[in-house]
Amino acid sequence: DGHAITIRATANSNENDEDYDGLVVFKNYVEQASNGAITVEMFIGTQLCSNGTECLQGIADGTIDVFVSTSGGVSGAFPFVQVLDLPYLMSDDRVAETALANGSTFTTKMQDMVEETSGGAIRLMTIGNTGGWRNFANTQRRVQTPADMEGLKIRTVVADLPQELVKALGASPTPIPWPELFTSFQTGVVEGSKNGITDIMNMKFPDAGLNYVTLDGHAYMGALWFMNNDKFMSMDEDMRRVIVDGFYQLQQATFASPKRKSIQAYEDFQAAGGDLYVPTPDEKAAFKEAAAPVYDWFKANIDGGEDIFNALNEAVADAEETINAAREADLN
Amino acid sequence: MPIMLAVTRALAAVNALVLAIGRFISIGLMGFMVLVILLQVFFRYILNDALPWSEEAARFMMLWMTGLVAPSAYRWGGFVAIEMVPQMLPKRIGALLMLFLLVVAGLVLVVAVQLGWKHVNSGWLFNSSSLKIPMDLFGMKVVRVKLAWMYMSLFVGVILLLSVNVELILRTLAKFADREDELPEIKPLMAVEAE
Amino acid sequence: MLVWFLPIFLLFLMIGLPVFFALLAAPGIMLWLNGQERDLALLYRNVYNGMDSFPLMAIPFFMLAGEMMNRGGITMRLVEFSQAMVGHFKGGLAQVNILSSMLFAGLSGSAVADTSALGSMLIPAMEKEGYTRRFAAAVTAASSVIGPIIPPSGIMIIYSYVMGESVAALFLAGIVPGVLVGLGLMIVTRIMANSNDFPASRARATWPEKGQASLKAFFPLLTPVIILGGILGGAFTPTEASAVAVAYAFIVAIFMRTMTVGDLPQVLLKAALTSSVVLLLVGAAMAFKTVVSLSHAPEALAAFILTLSENPLILLFLINLLLFIVGMFLDAGPAIIILGPILGPIFTNLGIDPVHFAIIMSVNLTVGLATPPMGLVLFVASSVSGERVESIAKAILPFLAIEIAVIFLITYVPNISLFVPRFFGFVT
Ligand code: NA
Ligand code: NA
C-alpha cells in the first residue's frame, strides 16, 4: 500500500556483534508490531558507509535511516558523546543500564544535545551496549596499578579523549587503523589497547601476543543508535510509537547480549594462557585518581562538556538510589 | 563555427592555466604528505610520542592532490578505457561515438557537481576528529577544521573535470567540421599510466 | 530492475567509456530510472569516502618511490645485474628481461611502471640482437605482471583495504608466487630459445664481474628488505613503510646520481598524476560496490555459486575462470573492490585461508592486465615498442599459458602462498 515504509539500517560490524543481535530484535519487533507496514532492511558491514563519520553523514542527509556507533566513531560531530569514555563513572551493569535508560536525566540531555548540534537532522534513539566494558589489555606485563602503564604504547582511535586518558595514565597513545592492529601488536608498533573482551577474542589478538587483560572496566561501551529525524517525524504517531518501542527492545537485547557472549570469550582467553587480572578496590581507586585530570580536561575542552558530565553523574546518583532501594526491598 | 572555435580556444586556454596551477599545488601536496608521515614515524618510533594529527593531515593533502591533478590526467588521456571500438571505426563514426561517450561522462559530472555541492554543505556540520588550527598559540580558542574543507577537494575535482569534459566535447565537434587542426593541441607534459 | 546496471556497465566499458565514468554512469542511470534519487547522493558520497583512507595512501607513496627508482640509472643497474646473472643463457636478453622484472617488482608496486621502465630500455636492445619486436614486447608485458605480485603491491593494498586483511601478510604471501611466475616464464623462454635459436646476450660473467654488478645493484635491491623488515620489525605500519620507502629511494637516487633535486617536481607530478587516476578509480569502485549491495546481487550470486558445487576444489576452479574473464574486461583494482567482498566470504566459509584466497584473486586479476581488451600492460608495451596490441596479444599466448598454469598451482597448493606468512606468524 501507499504507506509502506522501509527503514535502511546499518552497523559497521558483523553478525557476531551485539549490534547485529539488537538489529535483529528491532527488525522482528517493528515488522510485527507495525503489521508489516514497516520493513527494516539491514546492512551489516561497510557496504553503505565504512566509519562513524561517513555513516553519520549518511544519517544527516537521509541516505541511511538508522546507524549505530560507539562514542569514538562519532566524536568528530558530537564531541560530548565522549562522556561515555570517561573512566570509572559507572560502577556496574545495573547502574549503567538504569542511567542510560530513555527518560533518564542523562539520556534526555544527550538526545537534546544531538538534535541541537546536528541542526535537527539527527535523532539519538537510544543508548545500548556493544562489547560490555572497556578494559586495558597489553602484550607486555600484568597491569595492577597505574604505574604499570608507564611507557606502554596503547592503541587509541583518532579522538582527543581516549588519547588524553592514556596520557594521564603515563602511557603513550598511538593511533592505528583497526585492520592493522593485529599486525601492530605482533610487531610491537603498539603494546596495548582498550577494548572489550569479545572484540579481543573475535580479532584473535592473543595470537598476536595480547595476553594481559586488567579488568578495570574503565568505561561502559555505549552504543549510540541514531536515526534520520525527518524520516522519523514523517511517520504518523502510531508508527513512531512502534519505532520507539522497537528501540527499547533493541536496547534490552544489546544490554544482555555481551554478558552472555563474554563468558565464552573469557574462558577462551584464559584457556589460551591469557592473564586475566581483577584489580582490588584500592587499585581501582588508584586508577580513578590517576585518571582524574581527564575529567577536568573534558569539562574545559569539550563544548557542553560540563553539562553532559553533570547530567551523567546525576543520572548515576539517581540510578544508584533507585537500585539500592529496590535491592533493599528484595532483601526482605 | 568560428564562434565555436573561439570559445573552444578560450576554454582550452583557461583549462591549461587552471590545471597548471592545480598541478603546481599537487606537487607540493605530494611532497608534504611524505614529510608528514615521516614525521609521524619519527615521533612515534624515535620519540615514543605519537602525533595525533599527522594521519588526518596527510589524508587531507592526498584528497586535494587527487582533486587538483586528476583533471590534468583526464585532459591528457590518462583515464583508463577500452579504446578498441572507437579506434576501429571510421573517423566520422568514431567521432560520433566519442561524442556520445563524452556526453555520458558530462552527465555524470553535472550530477556530481550538484551532489558535490550538497556534500560540501553537509560538511559544515562536522568537525574533523584531529585537525585543529592552534589559535590557542595566539591566546584565542582552538578552531577545529570542518570536514567541508576536505569534502571540497572532490567537489573542486569534479568541477575541473567537467570543464575539461566540455572542452573535449567542443574539440570533438570541431572534428566533424574538419577544423580540429585550427585548435591549439593539448600537450601532455608526460604520459599518465594507471595501476 | 536495479541489477540491469551490470550489463549496462559492461556495455559502456566495451564501447570505450573510461572505467571511472562507467562505474558511476551505469548504477547512476538505473537508480535514477528507479526513482532512488537519495541513493545517487550515496553514490557520490562513497566516491569520496572510498578515497578518504589512510591505508590507501601507500599507493601514491609506493608509486613515488618506484618513480624515483625508475630513473634511467637505477633501472640500468638492475638490468646489468641481470645480465651478469643470466645474460649468457640461450635467449639471454629475454631472460634478462624477466629477471629484471622480478627485481624491479621489489621496488615498484605497479605492472605498468615495470613495462614502461624496462620496455623502453630492453625492447630496442632485444631488437638489436635479432628478436622480433612483438616477441620482445610480449616478454616485457608478460613479465611485468610480476610487479604487483612481489611486494610492494598496489593491488594488494587495495585488497587489504576492502577486505581488512593485513597488508603485511599479503605482501609476504606474494613473494613465492611472484618468483614462481618468473621461473615459469624463464622456462618457457628457454624452450622457445631452443626452437627459435635465440642468441645468448654475452659470455658467462666472471665472478668479479658478477660481484661488481651485485655491488652496483645492492642499494636499490635493499628496498623490499627495508619495507618488509620495517613492517615486521615493528618500526612502522605499511603506510608508514611506503613513506620510508620514498625517503630511501630519494637518498639512493641522489647518492647514485640517477636523479637530481631538480628532477623532483617532475617525479612528484608523475606519481601524483598516476595515483590520482587510481584513487578516483578506487572511489568509483567503492561507490559501485554500494549499489551492488543495494541491489542484493551479492546474496544472489553467492547463493548461485553454492548451487554449482559445494566442493571447494571445484568452486576454486570455476572462480579462477570467472576471475580470468573479469580480468579481461576490468582493471584489477576495481575488480577486487567489487568482487572481493562477494567472493571472499564464500571461500573463507568453505575453509580456504583468507590470505590464500587473496593471493589467488590478486594473481589472477594481475595476469588479466596482460590480456586484451582491457590489458593495460599490453597497451603500454604497444606504445613503448610501437608494435600493434593485437600482434603482442598473439605473441604473449605461450607466456599466458604458463601464467595460468602457475595460477592453478597456487590455487591447489596453499602452502606456496601461506608458507612465508605462516613463518612470520601471520597465518595459523
Ligand atoms: Na612489487
Ligand atoms: Na586485462
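Here's a quick rundown of the structure. All values derive from a computational prediction rather than experimental measurement.

## Side note on the overall build of chain A
Okay, so step 1: A tally of helices and strands in chain A yields 11 helices and nine strands.
Okay, so step 2: Each of the three principal axes of chain A carries a C-alpha extent, and together these read 60 × 45 × 45 Å.
Okay, so step 3: Here chain A holds 332 residues, and 57% of them are scored as buried.
Okay, so step 4: Nonlocal contacts in chain A, meaning residues at least 24 apart in sequence, comprise 74% of its contacts between residues at least 6 apart.
Okay, so step 5: In the form shown here, chain A has an accessible surface area of approximately 12,600 Å², with 46% of it arising from carbon and sulfur atoms.
Okay, so step 6: Across chain A, the mean location of the 23 positive side-chain charges is 3 Å away from that of the 48 negative side-chain charges.

## Observations regarding the coordination of the sodium ion (ligand 1)
Residue and element names in this part refer to chain C.
Okay, so step 1: The sodium ion (ligand 1) binds to the protein through Ala105 (O), Ser108 (O), Gly147 (O), Ile150 (O) and Pro152 (O); the donor distances cover 2.2 to 2.4 Å.
Okay, so step 2: Going along the chain, you hit the donors of the sodium ion (ligand 1) in the pattern A-x2-S-x38-G-x2-I-x1-P. Accessibility assignment for this pair places Ala105 and Ser108 in one class, buried.

## Examining the packing of helix 1 (residues 2-46) of chain B against helix 2 (residues 54-75) of chain B
Packed helix pairs are characterised by how far apart their axes lie and by the angle those axes make with each other.
Residue and element names in this part refer to chain B.
Okay, so step 1: Between helix 1 and helix 2, whose axes approach to 8 Å, the crossing angle comes to 150°. In terms of orientation, helix 1 and helix 2 fall into the roughly antiparallel class. Both helix 1 and helix 2 take part in a crossing whose hand is left-handed.
Okay, so step 2: Within the contact of helix 1 with helix 2, the residues separate by chemical class into 18 nonpolar, six polar and three charged.

## Examining the pattern of salt bridges
All names here are of chain A.
Okay, so step 1: According to the stated counting rule, one finds 24 salt bridges over all chains in the structure shown.
Okay, so step 2: The salt bridge partner of Asp21 is Lys261, with a shortest N-O separation of 2.5 Å. Here the residue Asp21 occupies a position in helix 1 (residues 18-33), and Lys261 occupies one in helix 9 (residues 237-271), the gap between them amounting to 240 residues.
Okay, so step 3: Its relative accessible area of 27% is what places Lys261 among the partly exposed residues.
Okay, so step 4: Among the ionic pairs, Lys259 bridges to Glu97, the shortest N-O distance being 2.7 Å.

## What about the pairing of strand 5 (residues 153-156) of chain A?
All names here are of chain A.
Okay, so step 1: Neither face of strand 5 is open: one carries Lys153 and Arg155, the other Ile154 and Thr156, and all of them are buried.
Okay, so step 2: Bridge count for strand 5 against strand 6 (residues 172-175) is four bridges, and the pairing is parallel. Across the sheet, Arg155 pairs through a bridge with Thr174, a residue of strand 6.
Okay, so step 3: In this fold, strand 5 hands off to helix 5 (residues 160-168), which returns the chain to strand 6; that crossover is right-handed.

## Structural notes on unusual backbone geometry
Okay, so step 1: The linkage connecting Pro151 of chain C with the following residue, Pro152 of chain C, adopts the cis geometry, with an omega of 0°.
Okay, so step 2: Here Pro152 of chain C lies in the loop between helix 8 (133-144) and helix 9 (154-163).
Okay, so step 3: A positive phi angle, near 55°, is found at Asp178 of chain B, a position not held by glycine.
Okay, so step 4: With respect to the helices and strands, the residue Asp178 of chain B is situated in the segment after helix 5 (148-176).
Okay, so step 5: Positive phi is not limited to glycine here, since Arg257 of chain C has a value of about 60°.
Okay, so step 6: Relative to the elements of secondary structure, Arg257 of chain C occurs in the loop between helix 13 (238-255) and helix 14 (264-294).
Okay, so step 7: Look at Arg257 of chain C and you get exposed, because its relative accessible area is 75%.

## Remarks on the interface of chain A and chain B
Okay, so step 1: Facing the 21 residues of chain A at the interface are 19 residues of chain B.
Okay, so step 2: Interface area, chain A with chain B, both sides summed: about 1,600 Å², of which 52% is carbon and sulfur.
Okay, so step 3: Looking at the side of chain A facing chain B, the largest losses of area belong to Gln57, Val158 and Asp160 of chain A, adding up to 32% of the total buried there.
Okay, so step 4: Viewed at the interface, chain B and chain A are joined by zero salt bridges.
Okay, so step 5: Our count for the chain A to chain B interface comes out at two residue pairs in polar contact (both at pLDDT 80 or more).
Okay, so step 6: The set of elements that each furnish at least two residues to the side of chain A that touches chain B consists of helix 2 (52-61), helix 5 and strand 6 of chain A.
Okay, so step 7: Grouping the constituent residues of the side of chain A that touches chain B by class yields eight nonpolar, 10 polar and three charged.

## Focus on the pairing of strand 2 (residues 38-44) of chain A
All names here are of chain A.
Okay, so step 1: As paired elements, strand 1 (residues 5-11) and strand 2 share seven bridges and run parallel to each other. Each residue of the ladder has a partner; that of Ile5, found in strand 2, is Ile38.
Okay, so step 2: Where the polypeptide runs from strand 1 across helix 1 and back to strand 2, its parallel neighbour, the crossover connection is right-handed.

## Let's talk about the side chain of Thr189 of chain C
Okay, so step 1: With respect to the secondary-structure elements, Thr189 of chain C resides in helix 10 (residues 167-196).
Okay, so step 2: Among the polar contacts listed, one links the side chain of Thr189 of chain C to the backbone oxygen of Leu185 of chain C, at a separation of 2.7 Å.

## Things to note about a nonpolar patch on the surface
Residues and elements named next belong to chain C.
Okay, so step 1: Among the surface-exposed residues, Phe304, Leu308, Leu313, Ile314, Phe317, Leu318, Leu321, Leu409, Tyr412 and Val413 lie close enough to one another that they form a single nonpolar patch of about 860 Å² accessible area.
Okay, so step 2: At the level of secondary structure, the elements contributing two or more residues to the nonpolar patch comprise helix 15 (297-308), helix 16 (312-329) and helix 21 (397-412).
Okay, so step 3: Of the residues forming the nonpolar patch, the biggest block, five residues, is contributed by helix 16.
Okay, so step 4: By the element assignment, Leu409 lies in helix 21.
Okay, so step 5: With a relative accessible area of 40%, Leu409 lands in the partly exposed category.

## Section: the packing of helix 15 of chain C against helix 16 of chain C
Residues and elements named next belong to chain C.
Okay, so step 1: In contact at an axis separation of 9 Å, helix 15 and helix 16 are set at 125° when each is read in the N-to-C sense. With respect to helix 16, the element helix 15 is oriented oblique. In this structure, helix 15 crosses over helix 16, and the sense of that crossing is right-handed. Residues Ile305, Leu306 and Leu308 of helix 15 lie in contact with helix 16, whose contacting residues are Leu315, Leu318 and Ile319.
Okay, so step 2: Residue classes in the contact of helix 15 with helix 16 are distributed as six nonpolar, no polar and no charged.

## Considerations on the packing of aromatic side chains
Okay, so step 1: Summed over all chains, the structure comprises 27 aromatic pairs over all chains.
Okay, so step 2: Relative to Phe247 of chain A, the ring of Phe26 of chain A lies with its centre 4.5 Å away and its plane at 40°, an arrangement referred to as tilted. In this pair, Phe26 of chain A is assigned in helix 1 and Phe247 of chain A in helix 9, connecting sequence segments 221 residues apart. Take Phe26 of chain A and Phe247 of chain A: they sit in the same class, and that class is buried.
Okay, so step 3: Taken together, the ring pairs in this structure connect Tyr74 and Phe79 of chain B together with Phe20 and Phe21 of chain C into an aromatic cluster.

## Section: the interface of chain B and chain C
Okay, so step 1: Counting residues at the interface gives 58 residues for chain B, matched by 67 residues for chain C.
Okay, so step 2: Counting across the interface, chain B meets chain C through two salt bridges.
Okay, so step 3: Salt-bridge contacts for Arg44 of chain B lead to Glu240 of chain C; the nearest nitrogen and oxygen are separated by 2.9 Å.
Okay, so step 4: There are five residue pairs in polar contact (both at pLDDT 80 or more) connecting chain B and chain C.
Okay, so step 5: Going through the elements one at a time, helix 1, helix 2, helix 3 (84-88), helix 4 (91-122) and helix 5 of chain B are the ones with two or more residues in the side of chain B that touches chain C.
Okay, so step 6: Looking at the side of chain B that touches chain C residue by residue, the class counts come to 43 nonpolar, nine polar and six charged.

Quick notes on the rules
- Residues numbered from 1 in each chain as written.
- Chains lettered and ligands numbered in written order.
- Predicted model: local features only at pLDDT ≥ 70, side-chain atom pairs only at ≥ 80, totals over all residues.
- Heavy atoms only, no water.
- Helix = DSSP H or I, 4+ residues; strand = E, 2+ residues; numbered from the N terminus.
- Buried < 20%, exposed > 50% of the residue type's maximum accessible area, 1.4 Å probe, protein only.
- Contact = heavy atoms within 4.5 Å.
- Areas by Shrake-Rupley, 256 points an atom, 1.4 Å probe, with all protein chains shown as cover.
- Lys, Arg positive; Asp, Glu negative; His and termini not counted.
- Charge placed at Lys NZ, Arg CZ, Asp CG, Glu CD.
- Donors = N, O, S within 2.8 Å, 3.2 Å for Na, K, Ca; no water.
- Axes fitted to C-alpha atoms, helices over the stretch in contact; angles between N-to-C directions.
- Parallel < 35°, antiparallel > 145°, perpendicular 65-115°, else oblique.
- Left-handed = near helix turned anticlockwise from the far one by under 90°.
- Nonpolar A, V, L, I, M, F, W, Y, C, P; charged D, E, K, R; others polar.
- Salt bridge = Lys/Arg side-chain N within 4 Å of Asp/Glu carboxyl O.
- Pairing = 2+ DSSP bridges.
- Right-handed = clockwise from strand over helix to strand, strands pointing away.
- Buried area = accessible area lost by both parts, 1.4 Å probe.
- Polar contact = N/O pair within 3.5 Å; in protein donor to acceptor, adjacent residues only side chain to side chain.
- Patch = residues over 30% accessible without salt bridge, like charges linked within 9 Å, V, L, I, M, F, W, Y side chains within 5 Å.
- Phe/Tyr/Trp six-rings, centres within 6.5 Å; stacked < 30°, edge-to-face > 60°.

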